[in-house]
Amino acid sequence: MRLASRALWAAAGVAWRESFPLGGRDVARWFPGHMAKGLKKMQSSLKLVDCIIEVHDARIPLSGRNPLFQETLGLKPHVLVLNKMDLADLKEQQKIIQHLEGEGLKHVVFTSCVRDENVKQIIPMVTGLVGSSRRYHRGESLEFCAMVVGIPNVGKSSLINALRRQHLRKGKATRVGGEPGITRAVMSKIQVCERPPLFLLDTPGVLAPRIGSVEMGLKLALCGTVLDHLVGEETLADYLLYTLNRHQLFGYVQHYGLGGACDDITSVLKQVAVRLGKTQKVKVLTGTGDVNVIQPNYPAAARDFLRTFRSGLLGPVMLDRGVLQSPLVAEP
């Protein structure tokens, strides 16, 4: 059984291209001050750090990383942390690593900061890389300092807090949220380990100035790197349904108690709304006067569909499966 939805047009780059709000210069508008200013602050702080820790979403390991990180911060040792592995289908983990090695990324760690999974691997990797590389502007200091970078909402602050839990047995040092935009500026140094003494600089999430394709933009939006209303919750729900059907992941059928898999987002959202009681009264003008009609609340149903996916209740998903099957190293 292989289903698709109207979002197939988006995957082909045909239908939503003109209306999709994340193309070209529009990316910078949704997150004021975080593009150029954030990157400039990172560059100005670069002399203070020994290593770059880039955090990205494990569900899109080959899509959406900001190439400017490598271009502007690439002189330092680089560790890529693919976070949220508990939400990702990692059956082809070795192939992911091979793709990344082809891009020159040889130090990759898959983590789940919610479960503190694999977090302990990071500090030994960072200190090992710094110890075997040229250390800039260090003087007599024995401290290690790393800068944590990444696009919005991939878990940078969560990683810092997880490292503190693991190595200092201390609570939160940075604010964590489920929406992009929590970290607004490069912060002062945060200690995450005593032996060796390691400090981290948290930074705001910075998207690439231009998103390579419509489908890449939709994948980024599904992972919460941009605010849903800028794309449209129903548009995102449609692309999510397409993706689940394309990968034959029908957990949504069982979760919502549907009669079967479906490729029509309107039908799915209607059933979801009715099942969850997300309906609304609407006045309809008829020949005999106004009549109150109960209609499904499609935006509310779409929000629940997206929330359920993001919380992992529909099962692990690899949004970059198509990229892994491609002979190309990564999407543009």
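For the structure, see preceding data.
My aim in this report is to walk through the structure given alongside it, one point at a time.

Definitions and limits used
- Residues numbered from 1 in each chain as written.
- Predicted model: local features only at pLDDT ≥ 70, side-chain atom pairs only at ≥ 80, totals over all residues.
- Heavy atoms only, no water.
- Buried < 20%, exposed > 50% of the residue type's maximum accessible area, 1.4 Å probe, protein only.
- Helix = DSSP H or I, 4+ residues; strand = E, 2+ residues; numbered from the N terminus.
- Pairing = 2+ DSSP bridges.
- Axes fitted to C-alpha atoms, helices over the stretch in contact; angles between N-to-C directions.
- Parallel < 35°, antiparallel > 145°, perpendicular 65-115°, else oblique.
- Contact = heavy atoms within 4.5 Å.
- Nonpolar A, V, L, I, M, F, W, Y, C, P; charged D, E, K, R; others polar.
- Right-handed = clockwise from strand over helix to strand, strands pointing away.
- Salt bridge = Lys/Arg side-chain N within 4 Å of Asp/Glu carboxyl O.
- Phe/Tyr/Trp six-rings, centres within 6.5 Å; stacked < 30°, edge-to-face > 60°.
- Core = buried A, V, L, I, M, F, W, Y, C linked by side-chain atoms within 4.5 Å.
- Domains from an automatic or database assignment.
- Expected span 1.5 Å × (residues − 1).

## Comments concerning the pairing of strand β1 (residues 51-57)
Here is step 1 of the chain: By the criterion of burial, β1 is predominantly enclosed, with seven of the seven residues buried.
Here is step 2 of the chain: As paired elements, β1 and strand β4 (residues 144-149) share four bridges and run parallel to each other. In the strand pairing of β4, Ile 53 is matched with Val 148.
Here is step 3 of the chain: The pairing of β1 with strand β2 (residues 78-83) spans six bridges and is parallel.

## Topic: the packing of helix α8 (residues 214-222) against helix α10 (residues 233-246)
Here is step 1 of the chain: Interhelical geometry of α8 versus α10 gives an angle of 100° and a closest axis separation of 10 Å. The angle between α8 and α10 falls in the class roughly perpendicular. Contact residues: Glu 215, Leu 218, Lys 219, Ala 221 and Leu 222 in α8; Thr 235, Leu 236, Tyr 239, Leu 240, Tyr 242 and Arg 246 in α10.
Here is step 2 of the chain: The residue inventory of the contact of α8 with α10, partitioned by class, reads seven nonpolar, one polar and three charged.

## Regarding the pairing of β2
Here is step 1 of the chain: Summarising burial for β2: six of the six residues are buried, a large majority.
Here is step 2 of the chain: Here β2 shows a buried face lined by His 78, Leu 80 and Leu 82 and a second buried face lined by Val 79, Val 81 and Asn 83.
Here is step 3 of the chain: In this sheet, strand β3 (residues 108-110) lies alongside β2 in parallel orientation, the contact comprising three bridges. Of the residues in β3, the one forming a bridge with Leu 80 is Val 108.
Here is step 4 of the chain: For the handedness criterion, the β-α-β arrangement of β2, helix α5 (residues 93-102) and β3 is classed as right-handed.

## Thoughts on the pattern of salt bridges
Here is step 1 of the chain: By the definition in use, this model includes 13 salt bridges.
Here is step 2 of the chain: For the salt bridge of Lys 95 with Glu 92, the shortest nitrogen-to-oxygen distance reads 3.3 Å.
Here is step 3 of the chain: Its relative accessible area of 33% is what places Lys 95 among the partly exposed residues.
Here is step 4 of the chain: A salt bridge links Asp 116 to Arg 165, with the shortest nitrogen-to-oxygen separation between them at 2.6 Å. Taken together, the positions of Asp 116 in the loop between β3 and α6 (122-131) and Arg 165 in helix α7 (residues 156-167) put the pair 49 residues apart, joining distant regions of the chain.
Here is step 5 of the chain: Asp 116 sits in the partly exposed class, given a relative accessible area of 22%.
Here is step 6 of the chain: Ionic contacts of the salt-bridge type, sharing partners, join the residues Glu 54, Arg 65 and Glu 103 into one network.

## What about the sheet that holds β2?
Here is step 1 of the chain: As summarised here, the arrangement of the six strands in space is β3-β2-β1-β4-β6-β5, forming an open sheet in which the pairing is mixed. Taken across any chain shown, the strands that pair with only one partner, and hence form the sheet edges, are β3 and β5 (190-193). Neighbouring strand axes in the sheet, compared pairwise and without regard to direction, differ in orientation by 30° on average.
Here is step 2 of the chain: Of the strands in this sheet, β2 and β3 touch α5, which is tilted by about 150° from β3.
Here is step 3 of the chain: Where α6 meets the sheet, it contacts β1, β2, β3, β4, β5 and β6 (198-202), and its direction lies at approximately 165° from that of β2.

## Quick word on the packing of aromatic side chains
Here is step 1 of the chain: Overall, the coordinates contain three aromatic pairs when judged by the stated rule.
Here is step 2 of the chain: When the ring of Tyr 239 is compared with that of Tyr 242, the centres are 5.9 Å apart and the planes differ by 40°; the resulting orientation is tilted. Taken as a pair, Tyr 239 and Tyr 242 lie in helix α10 at a separation of three residues, close to a single helical turn.
Here is step 3 of the chain: Among the residues examined, Tyr 242 registers a relative accessible area of 4% and is labelled buried.
Here is step 4 of the chain: Judged by centre distance (6.2 Å) and plane angle (65°), the rings of Tyr 256 and Phe 305 are edge-to-face.

## A look at the nonpolar core
Here is step 1 of the chain: Judged by nonpolar contacts, the single largest core of 65 residues is most densely connected at Ile 53, Leu 200 and Phe 305.
Here is step 2 of the chain: The greatest single-element share of this core, amounting to seven residues, is contributed by α10.
Here is step 3 of the chain: Inspection of this core shows a minimum of three residues originating in each of domain 1 (34-202) and domain 2 (214-325).
Here is step 4 of the chain: Beyond its immediate stretch of four places on either side in the chain, Phe 305 contacts Ala 237, Leu 240, Leu 241, Leu 244, Tyr 252, Tyr 256, Ile 265 and Leu 314.
Here is step 5 of the chain: Counting 16 residues, the second-largest nonpolar core is a separate cluster that includes Ala 58, Leu 62, Ile 96 and Leu 324.

## What to know about α10
Here is step 1 of the chain: In this model, α10 (14 residues) spans 20 Å end to end at C-alpha, consistent with the 20 Å of a helix rising 1.5 Å per residue.
Here is step 2 of the chain: Taking burial as the measure, the 14 residues of α10 include 12 buried ones, the bulk of the element.
Here is step 3 of the chain: Count one or two residues on from α10 and you reach Gln 248, which has phi positive near 55°.

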